[in-house]
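# Descriptive analysis of the structure
Letter by letter, the chains look like this.
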Amino acid sequence: MKRELFSEEHEIFRDAFRRFLEQAVVPRQEEWAKAGIVSRDVWNKAGEQGFLCPWVSEEYGGSGADFLYSVVELEELSRINENGFVPPLHSDIVVPYIEAFGTEEQKRRWLPGCVNGDIVTAVAMTEPNAGSDLQALKTTASKDGGSYVINGQKTFITNGIINDLVIVAAMTDPKAQPRYTGMSLFCVEYGTPGYQKVRNLEKIGWHSQDTAELFFEDCRVPKENLLGGQEGQGFVQMMIKLQQERLVCSIGAVASMWAVLEWTKKYCEERSAFGRPIIKFQNTRFKLVEMYTMAEVLQTFVDRLITEHMKGTDVVTETSMAKWVVTEELKKTVDQCLQFFGGYGYMMEYPIAKAYQDVRVMTIFAGTTEIMKEIIGRRLGM
Ligand SMILES: Cc1cc2nc3c(=O)[nH]c(=O)nc-3n(C[C@H](O)[C@H](O)[C@H](O)COP(=O)(O)OP(=O)(O)OC[C@H]3O[C@@H](n4cnc5c(N)ncnc54)[C@H](O)[C@@H]3O)c2cc1C
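Here we summarise the structure given alongside this text. This one's a predicted model, so the numbers in the text were calculated from it and none came from an experiment.

## Description of the packing of aromatic side chains
Scanning all chains against the criterion turns up 18 aromatic pairs. Here Tyr97 and Phe101 contribute two aromatic rings whose centre-to-centre distance is 6.2 Å and whose plane-to-plane angle is 50 degrees, an arrangement assigned as tilted. With Tyr97 and Phe101 both in helix H5 (residues 87-101) and four residues apart, the pair spans about one turn of that helix. The two residues Tyr97 and Phe101 agree in class, both being buried. Seen in terms of ring centroids, Tyr180 and Phe235 are 5.3 Å apart; in terms of plane orientation they differ by 40 degrees. Their pairing is tilted. One end of the pair, Tyr180, is in the loop between strand E4 (165-171) and strand E5 (183-189); the other, Phe235, is in helix H7 (residues 234-270), and 55 residues separate them in sequence. The exposure class assigned to Phe235 is buried, which follows from its relative accessible area of 14%. Taken together, the ring pairs in this structure connect Phe13, Phe17, Phe20, Trp43, Phe51, Tyr69 and Phe85 into an aromatic cluster.

## Section: the nonpolar core
Counting 95 residues, the largest nonpolar core has Phe20, Val42, Trp43, Phe85, Met238 and Ile306 as its most contacted members. Per-element tally for this core: the top contributor is H7, with 14 residues. Apart from residues no more than four positions distant in its own chain, Phe20 is found in contact with Val25, Val42, Lys45, Ala46, Gln49, Phe51 and Phe85. Counting residues in each nonpolar core, the second largest holds 17 residues, with Ala122, Phe186, Val188 and Leu226 among its members.

Calculation notes
Residues numbered from 1 in each chain as written. Predicted model: local features only at pLDDT ≥ 70, side-chain atom pairs only at ≥ 80, totals over all residues. Heavy atoms only, no water. Phe/Tyr/Trp six-rings, centres within 6.5 Å; stacked < 30°, edge-to-face > 60°. Helix = DSSP H or I, 4+ residues; strand = E, 2+ residues; numbered from the N terminus. Buried < 20%, exposed > 50% of the residue type's maximum accessible area, 1.4 Å probe, protein only. Core = buried A, V, L, I, M, F, W, Y, C linked by side-chain atoms within 4.5 Å. Contact = heavy atoms within 4.5 Å.

Below is the structure:
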């Protein structure tokens, strides 16, 4: 179904971003997967060409673009099966914290670099013993004169190695009741003594993505690095920003569904068995039709959420619904599509094999399916 969301300008931007990906990303995907990290220069190139944080206002170096430009980037990255080079994490998940909650001084200090590619960001909430249950986090930030001293360990951090700036969730008041009122966010620059990037973790998929463990050992940051300048706001800041994070996951997942279906339909038209293309078997057609139907239904839902999100509506319940249902459906779609590739689907030279490895994490990060259902249940008064 033709989508009504995008203007001609968005489509021109889509063409430009697609060309950028074809030149600067696609030829290097294999090399990056082997290295376990993308090369830093792709971030600089993306910044130079205006593809990082296009929504940041001109005052801070951006173009003041609307959220649909981010949607375009997400869709194009999904189309080429790319998840090592992750502008959506930087532009649409991490940097919005600085823009929304940062003091004027913090915005002037960091936003221009986030736009031009000098600064690549990450966000470190998860700890070895605190993932879904963020209130259990143990990292502390103790006030000491004009600075805070951060101690603790973070794990599973996307852009964990490549980042120049990480937003760290820490307890400024570990005794606070309720506990979440003692949590704050800090912007920590790489190079600050005590901030160590320890280990790039080996994963089932997302091989070119540096997902790492971070350590903070007597890491002293000036009090000016406390996001927003006020203690105890961290948990609320995270909750506010999770709506967009979950929407970002849903947009990427539904775009991946379309990409996977496109490769599979083409393969089923070209591959023959028992004297005819396998798409001519009713089982193949019916299954493909079911998956196309689901993709249309989910696309309509996600597009509606994009519109509401852009209007500033509270769609936490619905974005939580989208996050779990789209990622769970994508998981089923990839599995079924791989089946249609037969033995070739198990070979890494076919993108469906990589999609199979990559999809597994999508029902886990940015809040698991179970946590999404908990949030929805709570918001529905159950
Ligand atoms: C590749 C990757 C990238 C990531 N990137 C980042 C990042 O950039 N920054 C960051 O901070 N974190 C990141 N994460 C962490 C991610 O957000 C967490 O893994 C996720 O929130 C789950 O936390 P956990 O792993 O501790 O699982 P747990 O919280 O231990 O959960 C284990 C299981 O128990 C279930 N469970 C937990 N609580 C409940 C409940 N109340 N009701 C029902 N079931 C429940 C969960 O759904 C899950 O199935 C990343 C993770 C991965 C794998």
